[in-house]
Amino acid sequence: MMPRKAESRSSCGRGLRRLAAWLIRGDAARFILADLDDALAGDLERGVPPWRARLRMSANIFASALSVARSWQWSPAPLFVELVQSSRTLARDLAFSLPALISMTLTIGATTAVFGVVDAVVLRPLPYPDGERIRSVHVSYAARAQQFGLSAARVAALAAEEGLFTSLGWNRDAAMTLTGRDEPLDLNGYRIGPDMFVTLGAEPLLGGGFAERARRGERVAYLHEGLWRQEFGADPTIVGQRIQVDDLPTTVVGVISAKQAFPADADIWLPLLLESIPDNELHSGNMTVLVRLAPGVTDAELARRLDRITENIHTQYPGSYPDSAMRAITLRELVVDGADELLVVLLGAVTLLFVLGSANVANLVLVRNRRQRVMVATRAALGGSRAMIVRWLMTELVILGGLAAIGGTLLAANLAPALLRLTQIVGPGMDVRVMDPRTLGFAILVTLLGSLAVAILPALAATRMDLSSVLRSGGLRASAGRRARRSQGLLIAGQAALGVVLIVIATQTLGELQRLRTRDEGFRAQGVLSVQTRAPESRYAARVQFEQLFRTLREAVAEMPGIDAAGGTSHLPIGQARASFSISIEDLPPDDPNHMEAAHGYVVLPGYLETVQVPLVAGRLFDDSDTPDAEPVAMVSRSFAEHYWPGESVLGKRLKRRTYTSPFPWITIVGVVEDVHNDGIEGAPKQAFYMPHGQTATSFSRRMFFVVRSKRPLDQIAAEVRSRIADVDPDLPIAEIAELDQVLRDSRATRRLASVMIAVFAAVGLTLLATGTYGVVAFAVAQRRGELGLRCALGAEGSSIVRLVLRANLGYLAAGTVLGLAVAAAISRAVDPGVLPPAAPAQFAIAGALLIVVGLASSLPPALRASRLDPVSSLRSGLR
Amino acid sequence: MNDYLGEFEQILLFALLELGDEAYGGAIRQAIEERTGRVASSGAIYTAMARLADRRFVSARIGQPVPGRAGRPRKYYSLEPAGARALRRSYATIQAMAGGLAGKLDDAAEG
């Protein structure tokens, strides 16, 4: 016990001693240090608890350093002295330091947050060697803006090219289940070409050799680092082990690091050989293709070769790919997918914020320097060099900047991940890292740039003055030129305009959020539980088998006590996943644009629409008579019916799913239901149609969301559903047990996040306006002290002085507000009303009024101070 | 007026009077804390002593290096006759002014 204690004492002393040695300098330091030691030793001897002794030692050190500094007998650490002195001045002058600190913190925080996102998405090199040589090839159609994946036929044609690329890879998502364990686990799986990771240049964390073994036709897998850690306890011997994926033995050949995983959301990768794709899937375009350009190949060359491949395809399969073209983009473009426009907007906004914020602080500094002219002049008169004086002025900004940098970085650490979520970009290695050297370095750079920009001019101006006149006049004689006043007015106007725009947009988005919360979604989510399961290929190979399974499961669930309704669907009415089908409408000429249309399709079990309570408008719902052998039927949404057959009854009309080659039958419409807001939660309802599971073959037929409506607590129901499913087949994977209500709320999360961010920016804008106006008015009052004193002396009332000061900037404030309203109106008109509804006049009125109130309120403190001026002293100092 | 003593300086000189030959920084600090409850920093004691030494009220000598202090010596101070006279004068001044006023002072401070 004793030795350990002694050790901790001596080690605690060492750190403090080093601090003392740094703080206390000069000839006498050694004596003082010795005394400090004595004091600590004495305390410990007298039985003072070590933590208290340490505390007393620290207090002693700082107090000693200050005494030494104040006595000026030795040369103490000069930086420390200046820091202490400046901190005291700042703490006394909160009217200056607080607005300056707030402005700087917000500016640094916002700028750094946006940099963090831009760095993650655009600047930071891709986590692959020479990643800028990787291209992704996709298909686009003349008629649609969307990009499509490549069909196997196209990939094969591309693979046959020579000299164009050094390696070629492809991937396609495929739901997989980790089985052979207590609880089957649903995975985000991808089937990839053998060379996909070779193309990327990714080095597995463990293992390797996927390409060779995959090409030999072996069932091998790469695991994502996250899956390996969570499910396999980061087992170092995982390579070579056999796991069960979809009940089939699969050999793990390696682990891919989270940084290099592609696509970033994958859990596991299994091979997909082109030869293994059946003929009837040869033309479905669903593969993401990556190539690594051969040395010397340019993008123009690649584009030419892709055009030639397209021509060949068109000749080889006439009529199957109308008006299509193959285009190449970089890997970054593939991942970012247009969201970079948002980044440009963010960058622009933040640059503006930076300029306004810096101008704000510069203004505050000018005001302050004016008040401190006497002090500066005295120092200069006593022989202080210009450099010393600049340093003295700079020290305060260094302190403010340091505090602001810390606060701003903390702000950015919270803001940046939210911003990245807003952009919805998920890419390899694209995570926000605020606490890394690049971002921290940027924060420091912004701080330094801002502080320098803010300080250097006022500081130089302060040292260039005519000393004798300043000293004689008491420092307040000089008045700012007209140009300076105008530029300050413009600052106020600019900030007012920015504030108005931000407030209008904030009220719009918040209003829209409120509207969405109360909107009728077209279905009732409350009291509905959804449970997702999947029929593994290994045990339910044939269609009849899993159709039978799902029918049995639905009946088993529907029989449970306390259940009001039960059904199943391929896709929930909300959330990310939706299926879009190409369809043809009977009776429409082939050249009618509607002939080649797409609509959302749902493959459902009987009871689904009743469970989520989508009302029937006409015709009938599905029932157990819609079997595979019966006539194929469909239900359509109200907007679907009105779009294709406006004003007509649609019952009995026919549509069919359209592909290039396969012979889908015509389907008869037997019912119409209300619209559901199925395209995200924000847009207008998309045209949708519903097909019975028994009659519909799709790539996702093996997956089913069972939905159950009950008044009983849903967690009880969840447990029962689970056990009912296990009764039927204990090895079925159960994923995503969710309350539909929660899914609905989650689907609004992004929108809510956007609203909150905009509200934050609006608050930042208002704060900048407040501090900026305050600075300008305070400056004006300081300049006009003599004049205001004269007015007081001549009998002006305090209230009239307040009015006079307030009125001075009202013009700029009003001009800025009007400009802001105009800009906000223009934005409101330009933005797609589906994204942001047009702003109401009331919103403009509120924004304008708020701006004027904030502007006037922040002018009030200096105005009140002006009204309380002592006429004699201000006259004496101001009018000489 | 060159023998004016501030309060802290008076305290320091009384401490020297009490400690005699053993008056080094740490001991002075402890003496002040024990008698008054006030904590003086080592640096404050050192700088004040240096000022008093300039005015020849105290003298300083450097002791032998003490083991366990990284070879750093202590500085010992002793009260010089001039310092003692200055202390006597200022203490007498205070006493003269304070005579018979203690009760009144308490009343004023409480009220």
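The rules behind these values
Residues numbered from 1 in each chain as written. Chains lettered and ligands numbered in written order. Predicted model: local features only at pLDDT ≥ 70, side-chain atom pairs only at ≥ 80, totals over all residues. Helix = DSSP H or I, 4+ residues; strand = E, 2+ residues; numbered from the N terminus. Contact = placed C-beta atoms within 7 Å. Buried ≥ 20, exposed ≤ 12 C-beta atoms within 10 Å, placed from the backbone. Axes fitted to C-alpha atoms, helices over the stretch in contact; angles between N-to-C directions. Parallel < 35°, antiparallel > 145°, perpendicular 65-115°, else oblique. Left-handed = near helix turned anticlockwise from the far one by under 90°. Nonpolar A, V, L, I, M, F, W, Y, C, P; charged D, E, K, R; others polar. Expected span 1.5 Å × (residues − 1). Pairing = 2+ DSSP bridges. Core = buried A, V, L, I, M, F, W, Y, C linked by C-beta atoms within 7 Å. pLDDT = per-residue confidence, 0-100. Arc of directions from axis to C-beta.

Asker: Teacher, can you tell me more about the overall build of chain A here?
Answerer: Secondary structure assignment for chain A yields 27 helices and 22 strands. For chain A, restricting intrachain contacts to residue pairs at least 6 apart in sequence, the fraction spanning at least 24 positions comes to 82%.

Asker: Before we go on, may I ask you to explain the overall build of chain B in this structure?
Answerer: Each helix and strand in chain B was counted, giving five helices and two strands. Listing every helix and strand of chain B by position from the N terminus yields α-α-α-β-β-α-α. The buried share among the 111 residues of chain B stands at 31%.

Asker: Honestly, the packing of helix H18 (residues 543-558) of chain A against helix H21 (residues 714-728) of chain A in this entry has me stumped. Any pointers?
Answerer: How two helices sit against one another is set out by the angle between their axes and by the gap between those axes. All names here are of chain A. Orientation of H18 relative to H21, taken along the N-to-C sense of each, is 140°, at an axis distance of 10 Å. With respect to each other, H18 and H21 are oriented oblique. Here H18 and H21 pass one another in a crossing that is right-handed. Here Thr 552, Leu 553, Ala 556 and Val 557 of H18 come into contact with H21, specifically with Val 721, Arg 724, Ile 725, Asp 727 and Val 728. Considering only residue class, the contact of H18 with H21 consists of six nonpolar, one polar and two charged.

Asker: Hey, could you run me through helix H2 (residues 29-45) of chain A in this one?
Answerer: Because the α-helix completes a turn every 3.6 residues, residues three or four places apart line up on one side. An ideal rise of 1.5 Å per residue puts 24 Å on 17 residues; H2(A) measures up with 24 Å between its terminal C-alpha atoms. Just past H2(A), the residue Gly47(A) takes up positive phi, approximately 80°.

Asker: Explain the pairing of strand S12 (residues 528-534) of chain A here, please?
Answerer: The side chains of a regular strand alternate between both faces of the sheet. All names here are of chain A. The element S12 is extensively covered by neighbouring structure, given that six of its seven residues are classed as buried. Alignment of S12 against strand S21 (residues 703-710), held across seven bridges, turns out to be antiparallel. When the sheet's bridge partners are listed, Val 531 is paired in S21 with Phe 706. For S12 and strand S22 (residues 734-739), the ladder comprises five bridges, and the chain directions are antiparallel. The residue of S22 that forms the bridge with Val 531 is Ile 737.

Asker: Please explain the pairing of strand S18 (residues 654-657) of chain A as it appears in this structure.
Answerer: All names here are of chain A. Residue alternation in S18 divides its side chains into a buried set, Leu 655 and Arg 657, and an unburied set, Arg 654 and Lys 656. Where strand S14 (residues 580-585) and S18 come together, three bridges link them in antiparallel fashion. The residue bridging Ser 584 from the neighbouring strand is Lys 656, located in S18.

Asker: What is the right way to look at unusual backbone geometry in this model?
Answerer: Note: most residues except glycine have negative phi, and most peptide bonds are trans. Residue and element names in this part refer to chain A. Between Phe 262 and Pro 263 the backbone carries a cis peptide bond, its omega angle lying at -15°. By secondary structure assignment, the location of Pro 263 is in the loop between strand S8 (248-256) and strand S9 (268-271). In the Ramachandran plot, Asp 130 falls in the positive-phi region, its phi being about 55° despite a non-glycine side chain. Turning to its location among the elements, Asp 130 is positioned in the loop between helix H5 (94-123) and strand S1 (134-141). For Ala 234, which is not glycine, the phi dihedral falls at a positive 55°. Among the secondary structure elements, Ala 234 is positioned in the loop between helix H9 (225-232) and strand S7 (242-245).

Asker: Looking at this structure, how should I read the interface of chain A and chain B?
Answerer: By a frequent convention, interface size equals the accessible area lost on bringing the separate parts together. Listed as interface residues are 21 residues of chain A and, on the opposing side, 16 residues of chain B. Within the residue set of the side of chain A that touches chain B, elements represented by two or more residues are H2 and helix H3 (50-71) of chain A. With eleven residues, the single largest contributor to the side of chain A that touches chain B is H2(A). For the side of chain A that touches chain B, a count of residues per class yields eleven nonpolar, six polar and four charged.

Asker: Is there a simple way to think about the nonpolar core in this case?
Answerer: Across soluble globular proteins, you tend to see nonpolar side chains buried next to one another. Residue and element names in this part refer to chain A. Membership of the largest hydrophobic core comes to 147 residues, with the highest contact counts inside it found for Val 117, Ala 221, Ile 268 and Val 500. Apart from residues no more than four positions distant in its own chain, Ile 268 is found in contact with Met 176, Leu 187, Gly 189, Ala 221, Leu 223, His 224, Leu 227 and Val 245. Residues Leu 553, Ile 585, Val 614 and Tyr 644 belong to the second largest nonpolar core, which totals 54 residues.

Asker: What exactly am I supposed to notice about the confidence of the model for chain A here?
Answerer: All names here are of chain A. In the predicted model, chain A carries a mean pLDDT of 80, and 84% of its residues have values of at least 70. Of all the helices and strands in chain A, helix H16 (residues 467-473) carries the lowest mean pLDDT, 53, while strand S6 (residues 220-224) carries the highest, 95. Confidence over residues 474-480 falls short of pLDDT 50; this stretch has 16 contacts with residues more than four positions distant or in other chains.

Asker: Would you take a moment to explain the confidence of the model for chain B for this structure?
Answerer: Note: predicted coordinates in regions of low pLDDT should not be interpreted at a detailed level. Across chain B, the average pLDDT comes to 86, with 92% of residues at or above 70. Considering each helix and strand of chain B separately, the mean pLDDT is smallest for helix H5 (residues 102-110) of chain B, with a value of 86, and largest for helix H1 (residues 7-19) of chain B, with 93.

Asker: Just to check I follow, could you spell out the environment of Leu851(A) for this structure?
Answerer: Residue and element names in this part refer to chain A. Along the chain, the position of Leu 851 falls in helix H26 (residues 841-867). Considering only alpha carbons, one finds Leu 851 and Val 500, 351 residues apart in sequence, at a separation of 6.7 Å. Setting aside chain neighbours within four positions, we find Leu 851 in contact with Ala 496, Gly 499, Val 500 and Thr 817.

Asker: Explanation requested: helix H10 (residues 299-316) of chain A in the structure shown.
Answerer: Residues and elements named next belong to chain A. Compared with the 26 Å implied by 1.5 Å per residue over 18 residues, the 25 Å span of H10 between its first and last C-alpha is a close match. All buried positions along H10 are accounted for by Leu 302, Leu 306 and Ile 313. All buried residues of H10 project into a common sector of 35° when viewed along the axis, lining one side. Across H10 from its buried face, at more than 90 degrees, point the exposed residues Ala 300, Arg 304, Arg 308, Glu 311, Asn 312 and Thr 315.

Asker: Please clarify how the packing of H1(B) against helix H2 (residues 25-36) of chain B should be interpreted in this entry.
Answerer: Residue and element names in this part refer to chain B. Where H1 contacts H2, the two axes come as close as 10 Å, and the packing angle between them is 105°. Viewed along their axes, H1 and H2 adopt a mutual orientation that is roughly perpendicular. The residues of H2 that touch H1, namely those facing Ile 11, Leu 12, Ala 15, Glu 18 and Leu 19, are Ala 27, Ile 28, Ala 31, Ile 32 and Thr 36. Class assignment for the residues of the contact of H1 with H2 results in eight nonpolar, one polar and one charged.

Asker: How do you make sense of the environment of Leu516(A) when you look at a structure like this?
Answerer: For Leu516(A), the location among the structural elements is in helix H17 (residues 482-518). Along the chain, Leu516(A) and Arg748(A) lie 232 residues apart, while their C-alpha atoms are 8.3 Å from each other.

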